[in-house]
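Residue-level structure breakdown
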Amino acid sequence: SAEPDLMAEIFPSGLLEACVVLGVSNERLKELGLVTLLKLFSPLVEAEVLQVHAPPFVTKESSSNGTKHSHAPAFSRTQRRRSFKKKRDQPVSTISSSGQTNEPAVAASNDLSVPQNIDLIALPQLCFPGKITSESREDYYHFLVFTDVFGNQTHGVVAQYCKPVHMILYYNGIHQNGHRLNKLQRLFTTYSICIISKYPYYNALRDCLSSFLLQLKTSRMCEFEEQVKEFSAKLALVPIPPPGPLHVVFNLRPFQIELPSRLDVDRPVMDLDLHLPFLCFKPEQILEIISSILMEQRVVFLSTDWAKLTLVAECFMIFIHPLRWQHPFVPVLSRQMLDFIMAPTAFLMGCHTSHFEEVAEELDDLVLIDIDKGTVLSSSSNRLELPDVPLTARDCFIFQAKGLQLHYDLDVCRAGSHTDINELRAHRRQWQRKVNTIILNITLELTVNIFSEVCDFLNYEHRVFNSEEFLRSRETTDHEFYKKVLDTHIFHSFLRDRLNRKNDAFTHMQLNIRSESRRMRAMTESPHRPTMEEIRKYVRPENCLSSRLGVSMPNLADHRLVAVPVRQMSMRTVPSRPIKTFKLPEFPPPLAYQYVQSYYNDLIKELSKAISTSTPDDSALMARFYYLRGLVNSVAGKRVDALRDFQSLYKTDMDIFPAKLLNVLVKSLPAEERRMAERRPDLKRLITRVNENERERARPIDDGTVKRFELPKKHLHMEDFVRRVQESGIVKDQGTIQRLFEALTVGQQKQVDPETFCFFYNYWKETEGAAQDVDLPAGVLEHLVTDECVYKLSSSVKTSHGVGKIAMTQRRLFLLTEGRPGYVEITKFRDIENVKISSTPFLLLRIPTLKIKTSLRKEMFEANLKSECDLWHLMIKEMWAGRKMADDHKDPQFMEQALTNALLMDAVVGCLQSQKAIFAATKLAYFDKKKLEVPMMVPKTTSETLKHKINPSLDQTPPQAVDVLLYTPGRSAERLIGGNPKLWCALSNGKVLVFDAASWSMQKNSVQNCMLAVNQQQLWIGSKDSFIYIINPWSVSCNKQLTEHRCEVTGLALEERTDKFSQTVAYSCSEDGSVIVWDVSTLQVRRQFRVSCDRLQCIQIHTGMLWCCKSASHTAMNAPFYYIITQNLTTAISQSEQLWVGLADAGELCVWHCRDLNKPFIKIQLKDCAGVVCMIKVKNQIWVGCQGKTRGKIYVVNTDRYTVEKELMAHDDSVQTLCSAEDRYVLSGAARADGKIAIWKVE
């Protein structure tokens, strides 16, 4: 039927995909007997595939009742497979990895289907069986990787072992050295057993084969096939653990074998020793190999040991993570396959050292890596002529690599001897896990140091990478390296992940090794200029920020935390997650259906026991148990039970949720089981969700292409001009770009021609480069702040302070005196009182002079700027106005915008080179015009209370509304590993920003309505898509969600605990009136009820009562008591024995007495308020966020006197949300027209 075939495509494999036995058949051995004895043969005889075993090994139809079933009782993604023994009279064709039919290599019964992606023709060439010798030899293991045309990999572990062949041969009439032959000759032939798996469990599968060979050598030949089949069947019953902190353990006597899980969803299984390359190569050579791989060279590994080829090559694939090799990967080539090296594309292959000369002579420009000798050469010369890895990253890697402790014997020399082999192996695994973790961090840090600043040159909206600008920002010595890497498929895939904002290990480490100064710079949209801090270091900053992410709350974080140089920073300081193991039951002895089903039942019982004994705090571990139990129930035919497990998993950890498997499982449900599942509301919702996801996947998806920035070739109208400027990375703000368009099109048709755009762009970049080349003496640097940059330098002019060049930073103007270079401060922008142009007589001429009056000096500063005077006048006035507005509004972004405007003026004047240039530049004088407007004036009370402003929409076009804010306090003991205070900001486009930590995007662009810090491990976010997302505040990751609501989640509340032993209970409500009571520790529903209303706005818990606020009324519930007061309410908070509510359509607050609801309520009028949007309680004050008649306002109301103490002009749009930071600060978020966050002092 089609159903099993469908499940065959998706059902995850067990450990074993297939087991293949290769060697010389007994018939062939007899034929070779005479020739062998006369030594007229080659010791390597053509081998054959003797057996292929693949799951399922037992099925229900093979049981006594003969009934059929539609599921396979083994972990397998393929169905109806059988083991077979070779039969000469029944040839069977096989399917190779490329999908083409091969010539018959083996034969089988008519019902045999050989597993796909296994090429039985090539396998004997790679497993090296068939040698006939007169002496036995030790077992030998090596490893294989098979890659199909789609890039999917299958992995093989091969064991070669010798079997004796006894022959009694009589040769009449044949003599050797004058003697007649008549004796017993004992010979040995080599057989190979190859275990093929979808997963690279190299160490575990080698252990499995080692265990099996012990058993095989003591058994009789007649039992050989059955033993191989039984061994294969056992491995097929082993489930693969999902990513995370749970490993699977099983017994194959005498060994206890452990299957490690993947570290995370994006990483491959890692079951090999990552220190092997460090034993074979020096750190400098490892960097050369990594560089060759990143540049997509044709790389060939060589060794006399076949096992080393795959293991070392696989290590390098892990070293370059998260970048992925995109080309042919064949780490083992037999002699017959050497023509693969003639491939015209990039590749990574491996072969025996004996083929070195042959390979080197065939092609030039091969990178030849001899693992045994530890050398890296080119086939065209004795040394590799490739660019080195960038110097900073190189030095950091070498420094850390030389400190690695790689010798296990040194680590255990102080320990006693283990008397148990499994204890010894467990100790060795623990040591290897620790070493692997350190090496992973070192190699990942190398990748971050090479590529972190790439993110600064990405335009996420238009998916553009400005490669030219990125190259221009690199050190000259690193250009050749980056030029080669930037054109590779590896790098293109990496860019695609960055543009998709992939939250992977690269992103996490990038955040960990950033200095605080870099975080602060990322909050502002400034042109690229080196800071004084960077100039002092004489090196490029260790790691550049992506685009924003991170500003500490004022005075809340520990300012003693300083930037750590990249060389000293390593993830080794971050504790790794503890690993737990789950032991599988003993395998069933006979291969019978009922015994396999019994094994599954035992496994399900063990998993159920593990789930019941897991603590709610360890939800990550519980999720892995749910995953495994759901998987086992699926393959055991218990589909409804599997659905229950996956529903529990869906709520516990979305990261490992097997959506494709669940889709197939739902499709495979028989009608009766589907009806049974749909009777349960939670399973019905899960099935509905699966169907919705399938429809979403069916929609065409953007291919995720990455464009390189190119200058335009045709005239640009406004819309095209805005897009091009945003792509260039010069400026993102749409209003600024529109003013730039007006400046460049003054007095002409409203379109920018390609030549003008090109002149403007090149002039901008030239001035940017010139500023980076400014060489300031050490004596000058001492006067500047660490984050200051020189943005503009005049020509040498005569001034009232002497001759020199006027320099402009974002803070001040200073004179760089000539002769003996020195520093003379002219003024800080905030100290300017007046700027004007006059003329100074010189002979018969009058020279334009710029005059600046400051508050700190009586005399005016004068500079004979001549032709530059008008431009400097405009720029300084704009900077002065921007500084004043930034100080008044406590918004540093105003200063950054003013700086951008001033530099755009400079570029426009330099680009146009005409009389109208200065007039055109005035179009960009935004703040100089804005400062005189009445709405921009800041009242004294507002200015005194306002502390700071943040713009969370810097890289959002257009700006987004701030829907919800939540502050979570830090943990001082963990400040260095992400324990700082955090501000969580939900924007209207569905994105959640975490300041001082990271950026995290929802899986869907759904608007968030509410947030609640439930405890130190959980932060709940209610969303319009009816889900409650649960985030871990410290890892800044979301892998849980609650799906019981059917409509938009509008409110969250936490019940006050009566004592420290009581359970924490949370309430949630949705707009349809549904209220759910949650047990926070288990995330289970305690109770569910509905409030009759049109739209439920929010909920509050006070004095044992749940207050439900809705659009047309306010309801107090304390069953069986039910009371309604009709008002048009928007929000409510409790204070002492009172309930404060705000009206959505009027500037009015109402205060009820909770103990006596019949008592008259108190009304408080809010002047110039069009409606209350939000409220919070801070100390003895109620802060009320409103929609003002002209602007968004905040009213601070005294709860004792019921009077308005302060009226704050907060935002240019309505105040959407308020939150408190430890009762020391209040944070407000504004609607889209403003889109900023304001931080207010609490008195």
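Presented here is an overview of the structure given in this document. (Residues numbered from 1 in each chain as written. Predicted model: local features only at pLDDT ≥ 70, side-chain atom pairs only at ≥ 80, totals over all residues. Heavy atoms only, no water.)

Describing the overall build of the chain
Here is the rule: Numbering of helices and strands runs from the N terminus, with a helix taken as a DSSP run of H or I at least four residues long and a strand as a DSSP run of E at least two residues long. Only protein chains enter the accessibility calculation, which uses a 1.4 Å probe; a residue is then buried when its area is under 20% of its type maximum, exposed when over 50%, and partly exposed in between. Residue contacts are counted whenever heavy atoms from the two residues lie within 4.5 Å of one another.
When helices and strands are counted, the chain shows 33 helices and 55 strands. Expressed as a percentage of the 1243 residues in the chain, the buried residues total 58%. Counting only contacts in the chain whose residues sit at least 6 apart along the sequence, the fraction spanning at least 24 positions is 61%.

As for helix H15 (residues 489-499)
Burial analysis of H15 places 8 of its 11 residues in the buried class, which makes it a mostly covered element. Listed as buried for H15 are Ile 490, Phe 491, Ser 493, Phe 494, Leu 495, Asp 497, Arg 498 and Leu 499. Here the buried face of H15 lies against helix H7 (283-294), helix H12 (421-451), strand E17 (458-459), strand E18 (464-465), helix H14 (479-485) and helix H16 (505-512). Looking one or two places after H15, you find Arg 501, whose phi comes out positive at around 55°.

Description of the nonpolar core
Most often, soluble globular proteins have nonpolar side chains that are buried together. Formally: Note on terminology: a nonpolar core comprises buried Ala, Val, Leu, Ile, Met, Phe, Trp, Tyr and Cys residues joined through side-chain atoms within 4.5 Å.
Of all hydrophobic cores here, the largest spans 214 residues; its most connected members are Phe 250 and Phe 301. In terms of residues, this core owes the most to one element, helix H8 (residues 306-319), which gives 11 residues. In contact with Phe 301, not counting residues within four places along its chain, are Ile 289, Leu 309, Val 312, Ala 313, Phe 316, Leu 348, Met 349, Gly 350, Cys 351, Ile 369 and Ile 371. Membership of the second largest hydrophobic core comes to 65 residues, among which are Leu 716, Phe 829, Ile 876 and Leu 904.

Regarding helix H25 (residues 718-728)
For H25, the full list of buried residues reads Phe 721, Val 722, Arg 724, Val 725, Gln 726, Glu 727 and Ser 728. On its buried side, H25 packs onto E17, E18, strand E20 (707-708), helix H26 (734-744) and helix H27 (754-772). Within two residues after H25, Gly 729 carries a phi angle of roughly 85°, on the positive side.

Focus: the pairing of strand E52 (residues 1203-1211)
Our working rule: In this analysis, strands are considered paired if DSSP registers two or more bridges between them.
Bridging between strand E51 (residues 1192-1198) and E52 involves 7 bridges; their strand directions are antiparallel. Within the sheet, the bridge partner assigned to Lys 1193 lies in E52 and is Met 1209. The antiparallel hairpin formed by E51 and E52 contains 4 residues in its connecting segment, where Tyr 1202 sits at a positive phi of about 55°.

Quick word on the packing of helix H4 (residues 202-217) against helix H5 (residues 224-236)
When two helices pack together, their arrangement is captured by the angle between the axes and the distance separating the axes. Spelled out, the test is: Only C-alpha atoms enter the line fits that serve as axes; for helices the fit covers just the stretch in contact. Angles between N-to-C directions range over 0 to 180 degrees. Note on angle classes: values under 35 degrees are labelled roughly parallel, values over 145 roughly antiparallel, values of 65 to 115 roughly perpendicular, and the remainder oblique. For a crossing to be left-handed, the near helix must be turned anticlockwise from the far one by less than a right angle; the clockwise case is right-handed. For this classification, the nonpolar set comprises Ala, Val, Leu, Ile, Met, Phe, Trp, Tyr, Cys and Pro, the charged set comprises Asp, Glu, Lys and Arg, and every other residue, Gly included, is treated as polar.
Between H4 and H5, the least distance of the axes is 11 Å, while the angle of their chain directions is 150°. Classified by the angle their axes make, H4 and H5 are roughly antiparallel. Along this stretch, H4 crosses H5, giving a crossing that reads as right-handed. Seen from H4, the contacting residues are Cys 208, Leu 209, Phe 212, Gln 215 and Leu 216; seen from H5, they are Phe 224, Gln 227, Val 228, Phe 231 and Leu 235. Each residue belonging to the contact of H4 with H5 can be placed in one class, and the counts come to 8 nonpolar, 2 polar and no charged.

A few points about the sheet that holds strand E10 (residues 246-252)
In spatial order, the strands read E11-E10-E19; together these 3 strands make up an open sheet with mixed pairing. The open sheet has two edge strands with one neighbour each: strand E11 (255-259) and strand E19 (580-583). Going from strand to strand, the sheet's axes swing by 35° on average, the running direction of each strand aside. The pairing of E10 with E19 spans 4 bridges and is classified as parallel. The residue bridging Leu 246 from the neighbouring strand is Lys 580, located in E19. Relative to E11, H12 is tilted by about 25°, and along the sheet it contacts E10 and E11.

All quantities given are derived from atomic positions and should not be read as evidence of function.
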